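Read off the chains here:
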Amino acid sequence: MPKKIQNESLHFDVSTGLKTVLGRNLITDDEVAVFELVKNSFDAGADSVYLFFDSNRVIIADNGSGMSRTEITDKWLFVAYSAKREPNHPADFRDVVAERRHYAGSYGIGRFSSDRLGGEIVLQTRASKSGVVHKLIIDWLRFEKDDKEHFETIPVTYDQEDRFELPGELHDFSSELGSGTVIEVRKLRRAWTRPRILALKASLAKLINPFGDETDRFGITIIAPQEVTTDADLTEKAKQKGDVVLPRDIVNGRVGNFIFSALQEKTTFIHVKIEGEQLQTILVDRGELIYKIREPNIYTHLKDSDFRCEIYYLNQSAKLTFARRVGLPSVQFGSVFLFRNGFRVYPIGEDGNDWFGFDRRKQQGYSRFLGTREVIGRVDVFGAEEDFQEASSRNQGLISTPAVGELRKAVMEHCLKRLEKYVVPVSWADKAEAMTEDLSRLKTDPGRARVTAAVAALVDSDEVELVDYSRQLINLLNERSSEFESSLTNLRAIGEKTKDKKLLKQLEIAEKRFDELKRSEAEAREVADREREAAEAATERAETAEAEAEVERRRSHFLESVVSVDTATILNLHHQVTIYAVDVGQQIENLLTATSGQKSIAREEILKTIEQMAFLNQKILAVTRFAARANFTLDSEKIETDIAAFLADYIEQIARTTGSARLRIQVTNEHPGMKFRFNPIDASIIVDNLISNARKARASKISFEIFSLGKKGLIMRVCDNGRGFPSGTNKSRIFEMGYTTTQGSGLGLYHVRQVLGEIGGSIELEDSSDSNTCFVIKLTK
């Protein structure tokens, strides 16, 4: 029996087939292969990378730290070795220039990605400008002849040169190149056509920095000589049409993004970052800071990761802007991307990828939750392999670790849900918000009430510190607003959270004044009701036949002419006027009481009281103007009828006949009809104020055009041919209380916006190239 062998040492042999396993088999996509080579440039401290394409080669050239001959033999040619994993890796060019703390890759196999692109590579590298250029020629095809050959037996040609050998198109780059590395891929496996290069360019734009943040001073430039003529032709054709060619359609030039800085002014976004023991959140809506909060960081594994998250909510207007600027729908661009150590982790954020679980959650409540189709953004983390390890296939995301688990939770709980708690109750509650690029709808009382409620709910925790908030949107509402009383509670919560003594004092005064107004109004209604009941008891009214009622319902909202006013109409008129007159009296009494003994009174305090009285006076005028013609009773605050027809009838039969002879009033109604519940007196105030403004501007004509806005909306376009706004007018302020460009009160347009806000409408000044002044009013059900 043969003697057994004990404890003999064996060893692995490595076949030349390892090249294919680490190259084409592992890197399954050409774009990913280019990414790996670009990542190597990033990790070498480069701030510029040039990608050169022609018919038979691809060149990746960078100005990074380069390599010496020793580094080539001991590191680059040492398979699966990566100096980036060394615990005491010395400071290099990257650390000095860009202060980058981490690496994009650390497996030591990125160099094999070139095998995916071509059968041969030429490597040129230099560690300093005074040194020689080291040159390697590697024939990948030689490794494929016989898998039984040993990997280390395949020779690699080494030479030394005085300078880098680069195409003439890279002359400017090479002349300034001190240290750096150039990889030329030859014997291409696939040709790089124009569509492929453009697709790569779009992916590279998302690879480095799609959101306009800090970019590690890292830029990528594409040069493709065979595409220069086509680029020039596209640019010239666009110029002839008066357009600008989109950067996505041009091959040659610097890779970059150009959309997200514009989106910040047009939509809502949230920015969350972890700074040690603190987690800070900032939410901005169309350029306006809504809130800034701080709270304890509960994510221990992310404490030193420099975690940052920025997510944008794309309403319909923002989606249209995105598609117009980028040239493709936002959903095709991607959703929330993950960046590890400054570079994209694929395929997280790609169309159809739900790594963060947004869409799975949205299926549980489509109208309550945000999904990948409504948001776009970026998450950044920096850390070592043990925390954030990318799958070796390079297109499978991150391997699960405790830190990765906390990363997902932080994005869901403190980024998406925080954004959601603002967007759903504030933006989704108003359907017309989806097509609004500015804050006009949020500046109304209902809009500001929703913002206030959302922020108050957020800070209702001892752990949350409210550092700052929007004074423009979070402040006292008009006392007429139906949300005024409920908003006081939310404002008090915010005032107490921030210890804002001024706001708390304003709340105290407002609450007292509001209580007095409610008491006076109740008394006025009681008196008016008693008087009407007494008169009705003494007057017998004739019953109207059903047939006559049907005829009346088909008639205009306003009678053909002023008819004799019956007792009931007189009583209803008296009832409304009494209520409004008592309110005016109470406003005067409140002002006298509040200013008693004061030698001077703040303009804001006087203006606020005058505004209230002016609005009530407008209501009284409106009642007396059309009460005798109204084909509805005025004993109820609101009616439900076709608002398009109501506005057209009011303009045609009331405003036109009671206005000035010098101002011609025209109205066209192309709306098929929309049932809407509203206060007819408030609707008349909208029309009357716009006509009054036209008259002050010495217009000879004002036109009202009413037409549909989708299936459940209305647009009224109002234009006059007056003098317009004087030069120097801040048009963003024309709807503010007290802002005027004439000798008027500055209350008319403010009242229009307030009334529209109460019924879910909006008004905007239209950009017009002609001399007319036009406003666009929108209403949606």
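Just so you know, these numbers come straight off a predicted model, no measurement behind them.

Participant: What is the right way to look at the layout of surface pockets in this model?
Facilitator: Over the atoms, a rolling probe the size of a water molecule traces out where space has been left empty. What the largest pocket holds in volume is close to 1,700 Å³. Together, 46 residues line the largest pocket, and Leu 476, Gln 506, Glu 604, Lys 608 and Met 737 are the ones closest to its centre. Listed by contribution, the elements that provide at least two residues to the lining of the largest pocket are helix 14 (445–458), helix 16 (501–538), helix 18 (567–594), helix 19 (603–626) and helix 22 (748–758). With 11 residues, the single largest contributor to the lining of the largest pocket is helix 16. The residue makeup of the lining of the largest pocket, split by class, is 12 nonpolar, 12 polar and 22 charged.

Participant: Would you mind showing me how to read the side chain of Ser 703 here?
Facilitator: As for its placement among the helices and strands, Ser 703 is situated in strand 20 (residues 701–708). Excluding anything up to four places from it in sequence, Ser 703 contacts Gln 666, Arg 717, Val 718 and Cys 719.

Participant: Would you mind going over the sheet that holds strand 14 (residues 343–344) with me for this structure?
Facilitator: Picture the strands of a sheet paired through backbone hydrogen bonds; they go either parallel or antiparallel. Strand order in the open sheet formed by 8 strands is 14-13-15-12-9-10-11-16, and the pairing between neighbours is mixed. Two strands lie at the open edges of the sheet, namely strand 14 and strand 16 (465–469), each paired on one side alone. Where strand 13 (residues 336–340) lies against strand 15 (residues 375–381), 5 bridges are found, and the strand directions are parallel. Looking across to strand 15, one finds that Leu 338 is bridged to Val 379. Sitting on the sheet, helix 13 (residues 402–427) is in contact with strand 9 (268–275), strand 10 (278–285), strand 11 (288–296), strand 12 (308–313), strand 13 and strand 15, with an inclination near 145 degrees to strand 9. Strands strand 11 and strand 16 of the sheet are contacted by helix 14, whose axis makes an angle of about 10 degrees with strand 11.

Participant: Can you walk me through the nonpolar core in this structure?
Facilitator: Grouped burial of nonpolar side chains is what soluble globular proteins tend to show. One finds Phe 307, Leu 338 and Leu 407 to be the most contacted residues of the largest nonpolar core, which totals 63 residues. Here the element with the most residues in this core is helix 13; it accounts for 12 residues. Beyond its immediate stretch of four places on either side in the chain, Leu 407 contacts Leu 302, Phe 307, Leu 338, Trp 355, Val 379, Val 381, Phe 388 and Leu 398.

Participant: Whenever I open this one, the side chain of Glu 120 confuses me. Can you help?
Facilitator: Position of Glu 120 among the secondary structure elements: in strand 3 (residues 118–126). With residues near it in sequence (within four places) discarded, Glu 120 still touches Ile 137, Ile 138, Asp 139, Trp 140, Glu 184, Val 185, Arg 186 and Lys 187.

Quick notes on the rules
- Residues numbered from 1 in each chain as written.
- Predicted model: local features only at pLDDT ≥ 70, side-chain atom pairs only at ≥ 80, totals over all residues.
- Heavy atoms only, no water.
- 1 Å grid on protein atoms, 1.4 Å probe; cavity = no way out; pocket = protein on both sides within 12 Å on 5 of 7 lines; lining within 4 Å.
- Points joined across faces, edges and corners; volume = space filled by probe spheres on them.
- Helix = DSSP H or I, 4+ residues; strand = E, 2+ residues; numbered from the N terminus.
- Nonpolar A, V, L, I, M, F, W, Y, C, P; charged D, E, K, R; others polar.
- Contact = heavy atoms within 4.5 Å.
- Pairing = 2+ DSSP bridges.
- Axes fitted to C-alpha atoms, helices over the stretch in contact; angles between N-to-C directions.
- Core = buried A, V, L, I, M, F, W, Y, C linked by side-chain atoms within 4.5 Å.
- Buried < 20%, exposed > 50% of the residue type's maximum accessible area, 1.4 Å probe, protein only.

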